[in-house]
Amino acid sequence: AAKQQGRDRFNYFAPFMQEASRARVALANELRDALCGDQLRVLFQPIVELDSGRIRKAEALVRWQHPTRGLLGPADFITIAEHTGAIVGIGDWVFRQAARHAKRMQQLHDPDFQVAVNNSAWQFREGGSNFGEWLDFLDEIQLHPRSVIIEVKESLLLEANHEVGRKLQALHEAEIQLSLDDFGTGYCSVAFLKRYNLDFLKIDPAFFTNLADGADGGAICAAMVGLAHKMGIQIIAEGLETAANMRTLRDAGCDFGQGYLFSRPLSGEELASLMGSVDKSMDIHRTACE
Ligand code: C2E
Ligand code: MG
Ligand code: MG
Ligand code: MG
């Protein structure tokens, strides 16, 4: 009977599983054409200096304008891209788009503008991204490497892989900036971070939503920010949706904020016109910082 049951269960689940993997295989094949087919897009979400209310940076976020499935977000295709190796080509492309746009923002609006680019752990492993080529590209468009912030996740730092360490060091020596994404969702303590040459720490909403409500939430944030600052690390609060959270973090000494409170991710054109409009950025200051 148990055997019969097992077989039934197998029969029941098999079509479902085949369906799911067939969809993944189809998507993986289509992803290969997405790059050459001009279907990828990069959006830019403003990163605001909390003291001044000014947009000083932006994070590049990839999208896939799929011919039949519509606009897909990274959650729909980055994992597949990692497993098929397509992430290397996609990562190179996003980097170039982001760097070109940063150059434009510097020429038009702010010579200190920085762009942040997300990186998958796969790009740091054997056969991953050729960061030497990235540096050549920056040289070609005459964008200083410190204008680019590479965002990595905590799991990458915990990998303790030789190739990963070598690549992180090479980026640091080239003066590319390093940012730790999603801080507060994993295991890293601020003290652990001292061994890396981190320039920025992005605190996840999960880290502060719990804290901000408590009576000593602000004090705990302030202690963490103070420790990071002592190590030369600046803090970016991401996923900021409420003015209350923004105020708590700003008062705790947090340097930058990013989230729907300020702006959703924008096209390059939209970001350029937002940065070009003084009134608009003062509006942001007013809504955000009062
Ligand atoms: P992330 O790097 O932590 O990026 C922040 C995500 O939060 C983005 O989602 C952004 O649109 C969203 N977000 C921004 N403000 C708010 C807010 O106020 N509230 C909420 N609830 N969400 C907000 P998105 O664009 O869907 O990206 C998801 C993740 O995909 C990113 O998380 C990043 O890990 C990854 N990703 C994005 N672009 C790339 C890329 O070019 N390469 C790689 N390897 N990963 C990427
Ligand atoms: Mg990020
Ligand atoms: Mg994040
Ligand atoms: Mg910062």
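In what follows, the accompanying structure is described. (Residues numbered from 1 in each chain as written. Chains lettered and ligands numbered in written order. Predicted model: local features only at pLDDT ≥ 70, side-chain atom pairs only at ≥ 80, totals over all residues. Heavy atoms only, no water.)

1. A short note on the site of ligand 1
Stage number 1. Contacts to ligand 1 come from 23 residues, most closely from Arg63, Asn118, Asp181, Glu241 and Tyr260.
Stage number 2. Between ligand 1 and Gln45, the relevant distance is 3.0 Å, taken from a nitrogen atom to a side-chain nitrogen or oxygen of the residue.
Stage number 3. Note that an oxygen atom of ligand 1 is positioned 3.0 Å from one of the side-chain N or O atoms of Glu59.
Stage number 4. Burial of ligand 1 by the protein chains amounts to 77% of its free accessible area of 800 Å².
Stage number 5. Among the secondary structure elements, those contributing two or more residues to the shell around ligand 1 are strand E2 (55-66), helix H2 (74-84), helix H3 (86-108), strand E5 (148-153) and strand E6 (177-183). (Near = heavy atom within 4 Å. Polar contact = N/O pair within 3.5 Å; in protein donor to acceptor, adjacent residues only side chain to side chain. Areas by Shrake-Rupley, 256 points an atom, 1.4 Å probe, with all protein chains shown as cover. Helix = DSSP H or I, 4+ residues; strand = E, 2+ residues; numbered from the N terminus.)

2. Here's the deal with the pattern of salt bridges
Stage number 1. On inspection of all chains with the given rule, the structure shows 14 salt bridges.
Stage number 2. Of the charged contacts, one joins Glu163 and Lys167 as a salt bridge, the two residues approaching to 3.7 Å between their closest N and O atoms. One end of the pair is Glu163 and the other is Lys167, both in helix H6 (residues 162-173) and 4 residues apart, which spans about a single turn. Here the two residues Glu163 and Lys167 agree in accessibility, since each one is buried. (Salt bridge = Lys/Arg side-chain N within 4 Å of Asp/Glu carboxyl O. Buried < 20%, exposed > 50% of the residue type's maximum accessible area, 1.4 Å probe, protein only.)

3. Here we look at the coordination of the magnesium ion (ligand 3)
Stage number 1. For the magnesium ion (ligand 3), every protein donor is listed as Asp181 (OD), Asp182 (OD), Glu238 (OE) and Glu238 (OE), and the spread of their distances is 2.0 to 2.6 Å.
Stage number 2. Every donor residue of the magnesium ion (ligand 3) comes from the same chain, spaced as D-D-x55-E.
Stage number 3. In this structure, the magnesium ion (ligand 3) lies 4.2 Å away from the magnesium ion (ligand 2), the two metals sharing Asp181 as a donor. Pair noted here: Asp182 is in strand E6 and Glu238 is in the loop between strand E8 (234-237) and helix H9 (243-251), with a separation of 56 residues, a long-range link. (Donors = N, O, S within 2.8 Å, 3.2 Å for Na, K, Ca; no water.)

4. Side note on the packing of H2 against H3
Stage number 1. At a minimum axis separation of 5 Å, H2 and H3 run at an interaxial angle of 120°. Residues Ile78, Ala81, Glu82 and Thr84 of H2 pack against Ala86, Ile87 and Ile90 of H3.
Stage number 2. Classifying every residue of the contact of H2 with H3 by side-chain character gives 5 nonpolar, 1 polar and 1 charged. (Axes fitted to C-alpha atoms, helices over the stretch in contact; angles between N-to-C directions. Contact = heavy atoms within 4.5 Å. Nonpolar A, V, L, I, M, F, W, Y, C, P; charged D, E, K, R; others polar.)

5. Remarks on the environment of Tyr187
Stage number 1. Topologically, Tyr187 is positioned in the loop between E6 and strand E7 (200-203).
Stage number 2. Tyr187 gets classed as exposed once you look at its relative accessible area, which sits at 77%.

6. Concerning the nonpolar core
Stage number 1. In this structure, Leu31, Phe124, Ile150, Phe183, Leu193 and Ile203 are the most contacted members of the largest nonpolar core, which totals 80 residues.
Stage number 2. With near-sequence residues (within four places) excluded, Phe183 lies in contact with Glu154, Cys188, Ser189, Val190, Leu193, Leu201, Lys202, Ile203, Asp204, Phe207 and Met224.
Stage number 3. Core analysis: the next-biggest nonpolar cluster, separate from the first, contains 6 residues, Ile47, Ile149, Phe200 and Ile236 among them. (Core = buried A, V, L, I, M, F, W, Y, C linked by side-chain atoms within 4.5 Å.)

7. Focus on the coordination of the magnesium ion (ligand 2)
Where a metal carries four tetrahedral donors, each ideal angle is 109.5 degrees; where it carries six octahedral donors, the ideal angles are 90 or 180 degrees.
Stage number 1. Surrounding the magnesium ion (ligand 2) are the protein donor atoms Glu59 (OE), Asn118 (OD1), Glu151 (OE) and Asp181 (OD), which sit 2.0 to 2.2 Å from the metal.
Stage number 2. Read in sequence order, the donor residues for the magnesium ion (ligand 2) give the motif E-x58-N-x32-E-x29-D.
Stage number 3. Judged by its relative accessible area of 1%, Glu151 falls in the buried class.

8. Regarding the pairing of strand E4 (residues 114-118)
Stage number 1. Most of E4 sits inside the fold, with 4 of its 5 residues counted as buried.
Stage number 2. In this structure, E2 lies alongside E4, joined through 4 bridges in parallel fashion. In the strand pairing of E4, Ala60 is matched with Val117.
Stage number 3. Bridging between E4 and E5 involves 4 bridges; their strand directions are parallel. Counterpart to Ala116 in the pairing with E5 is Ile149. (Pairing = 2+ DSSP bridges.)

9. Points about the environment of Thr209
Stage number 1. On the secondary structure map, Thr209 appears in helix H7 (residues 205-213).
Stage number 2. A relative accessible area of 36% places Thr209 in the partly exposed class.

10. A closer look at H9
Stage number 1. Along H9, the residues that are buried comprise Asn245, Met246, Leu249 and Arg250. For H9, the angular spread of the buried residues around the axis is 130°, confining them to a single face.
Stage number 2. Of the residues flanking the end of H9, it is Gly253, one or two places downstream, whose phi is positive at about 100°. (Arc of directions from axis to C-beta.)

11. A look at the packing of aromatic side chains
Stage number 1. Under the criterion given, the structure shown has 6 aromatic pairs.
Stage number 2. Arranged with centres 5.0 Å apart and planes meeting at 50°, the rings of Phe124 and Phe131 form a pair that is tilted. Accessibility assignment for this pair places Phe124 and Phe131 in one class, buried.
Stage number 3. When the ring of Phe131 is compared with that of Trp134, the centres are 4.8 Å apart and the planes differ by 90°; the resulting orientation is edge-to-face. Pair noted here: Phe131 and Trp134 are both in helix H4 (residues 131-141), with a separation of 3 residues, about one helical turn. No difference in accessibility class separates Phe131 from Trp134, as the two residues are buried. (Phe/Tyr/Trp six-rings, centres within 6.5 Å; stacked < 30°, edge-to-face > 60°.)

12. Topic: the packing of H3 against H4
When two helices pack together, their arrangement is captured by the angle between the axes and the distance separating the axes.
Stage number 1. Running from N to C, H3 and H4 point in directions that differ by 25°, and their axes come no closer than 11 Å. Considering the angle they form, H3 stands roughly parallel to H4. Two packed elements cross with a definite hand, and for H3 against H4 that hand is right-handed. Contacts from Gly91, Asp92, Phe95, Arg96, Ala99, Arg100 and Lys103 in H3 reach Trp134, Phe137, Leu138 and Ile141 in H4.
Stage number 2. Among the residues making up the contact of H3 with H4, the classes are represented as 6 nonpolar, 1 polar and 4 charged. (Parallel < 35°, antiparallel > 145°, perpendicular 65-115°, else oblique. Left-handed = near helix turned anticlockwise from the far one by under 90°.)

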